[in-house]
Each structure stands twice: as structure tokens, then as C-alpha cells.
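The primary structure of each chain is shown beneath.
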Amino acid sequence: MINSSLPEKEKLLSMLTEIYDQLEELENVLETSFSDLRNQMNHEELLKLSSPVQRLYKLEQELDRINPVSDECAVEQNNSVTRALKLELGF
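Residues numbered from 1 in each chain as written. Predicted model: local features only at pLDDT ≥ 70, side-chain atom pairs only at ≥ 80, totals over all residues. Heavy atoms only, no water.

A. View of the overall build of the chain. A count of helical and extended segments in the chain gives two helices and zero strands. Burial analysis of the chain (91 residues in total) assigns 0% to the buried set. Accessible area for the chain stands at about 9100 Å²; split by element, carbon and sulfur atoms hold 60% of it. (Helix = DSSP H or I, 4+ residues; strand = E, 2+ residues; numbered from the N terminus. Buried < 20%, exposed > 50% of the residue type's maximum accessible area, 1.4 Å probe, protein only. Areas by Shrake-Rupley, 256 points an atom, 1.4 Å probe, with all protein chains shown as cover.)

Right, dumping it as C-alpha cells:
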């Protein structure tokens, strides 16, 4: 009885080892696939964000061209922006 169960155990162990190897292979494939997908999504998000940033920059340049800021106003404006940022960051 012991001798007959030994080949069965070896066969079962071999099958489990094969399943384990396949799972490791699948894990590597999934990791690569998800990594590629994550990189692609990050790239798409950067593209989506860069367009509004460029438009804002152009609008700011246009506003500066239309309404040039004097030195005194620029200092006052920078102080109010700094205070607003401090409040925003502190909150």
C-alpha cells in the first residue's frame, strides 16, 4: 500500500510544481502588462494636464500684455499670492 501511494504522491507533487511554475509565469506576465498599462495611463494623464496648463500660460501672457503690472503692484500682488498660498497650504 505504501509503495503504491508513493508514485501517486510523486505524480501529485509534479503536477503541483507545474501549476506553481505556471502561476509564476502568469504573475510575471501580469506584472509587465499592468506596468505597461500604468505607464500608458500616466502618459495620457500628463497629456490631458499639459493642454490646460499651456492654455493658462498663454492667457496669463495675454493678460500681462494687456494689463502690464507696475513694480509696486507686482510686489503687492506677490504678497497676496504668497498669503493665499500660505493659507491654502496651511489648511
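Moving on from the model shown.
B. Quick peek at a nonpolar patch on the surface. Judged by side-chain polarity, Leu12, Leu16, Ile19, Leu23, Leu26, Leu30, Phe34, Leu37 and Met41 come together as a nonpolar surface patch covering roughly 850 Å² of accessible area. Following the sequence through the fold, Leu37 ends up in helix H1 (residues 2–66). (Patch = residues over 30% accessible without salt bridge, like charges linked within 9 Å, V, L, I, M, F, W, Y side chains within 5 Å. Salt bridge = Lys/Arg side-chain N within 4 Å of Asp/Glu carboxyl O.)

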